[in-house]
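# Overview (structure and organization)
Chain residues, written in single-letter form:
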Amino acid sequence: MTVKKQSVEDLLGYNKFNADEKNPHIVIDKALCAQCTDKPCLVACPAVLYRQKGENSEVTFDHLGCLECGTCRIVCHNHGNKGIVKWDYPVGTFGISYRYG
Ligand code: SF4
Ligand code: SF4
């Protein structure tokens with residue numbers, strides 16, 4: 001039997017999301033993020049939801065596609081940064097449903 005190795009993107013594609021577009025469960029303050037020197041969220045988020053186009057560009061974040069792992073909250077606040085001003089799990093039936101694993 002041959003097992004096909006799948007990329008992280010392929011595996012994430014199995015997940016099912018019920019997106020709460022009006023009530024983001026994670027909110028960042030871009031002004032505070034601008035003062036953050038190392039910006040660990042850019043490399044720590046497994047779903048790559050924190051982005052920065054250029055070195056001096058603002059950090060952007062999209063809560064849709066969040067895996068609810070909590071990594072961003074830990075790396076942000078543990079480094080003394082305060083850019084994440086809200087981190088909650090999605091309400092009710094919203095958020096991720098894992099299909100595998
Ligand atoms: S909780 Fe996890 S997947 Fe969601 S934004 Fe934070 S690091 Fe990314
Ligand atoms: S680690 Fe926190 S403060 Fe720094 S860029 Fe990311 S969300 Fe903003």
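First things first, this report covers the structure right here in the doc. Since the model is a prediction, treat every value here as computed from it, not as a measurement.

Turning our attention to the overall build of the protein. For the protein, the helix and strand inventory stands at four helices and six strands. When the elements of the protein are put in sequence order from the N terminus, they spell out α-β-β-α-α-β-β-α-β-β. Across its three principal axes, the protein shows a C-alpha extent of roughly 50 × 35 × 25 Å. The buried share of the protein, reckoned over its 101 residues, is 31%. A total accessible area of about 7200 Å² is found for the protein, and carbon and sulfur atoms account for 52% of it. Separation between the mean location of the 12 positive side-chain charges and that of the 11 negative ones in the protein comes to 4 Å.

Glancing now at the pattern of salt bridges. One pass over the structure, following the stated rule, counts one salt bridge. Between Glu-58 and Lys-30 there is a salt bridge; the shortest N-O distance is 3.3 Å. Taken together, the residues span a long stretch of sequence, with Glu-58 in the loop between β3 (50-52) and β4 (59-61) and Lys-30 in helix α2 (residues 30-34) at a distance of 28 residues.

With that out of the way, let us pick up helix α4 (residues 71-78). All buried positions along α4 are accounted for by Cys-72, Val-75 and Cys-76. Projected down its long axis, α4 shows its buried positions confined to an angular sector of 100 degrees, all on one face. Looking at the buried residues of α4, the elements they touch are β2 (26-28), α3 (41-44), β3 and β5 (84-87). In the segment just after α4, Gly-80 is the residue with positive phi, at about 80 degrees.

About the criteria used
- Residues numbered from 1 in each chain as written.
- Chains lettered and ligands numbered in written order.
- Predicted model: local features only at pLDDT ≥ 70, side-chain atom pairs only at ≥ 80, totals over all residues.
- Heavy atoms only, no water.
- Helix = DSSP H or I, 4+ residues; strand = E, 2+ residues; numbered from the N terminus.
- Buried < 20%, exposed > 50% of the residue type's maximum accessible area, 1.4 Å probe, protein only.
- Areas by Shrake-Rupley, 256 points an atom, 1.4 Å probe, with all protein chains shown as cover.
- Lys, Arg positive; Asp, Glu negative; His and termini not counted.
- Charge placed at Lys NZ, Arg CZ, Asp CG, Glu CD.
- Salt bridge = Lys/Arg side-chain N within 4 Å of Asp/Glu carboxyl O.
- Arc of directions from axis to C-beta.
- Contact = heavy atoms within 4.5 Å.

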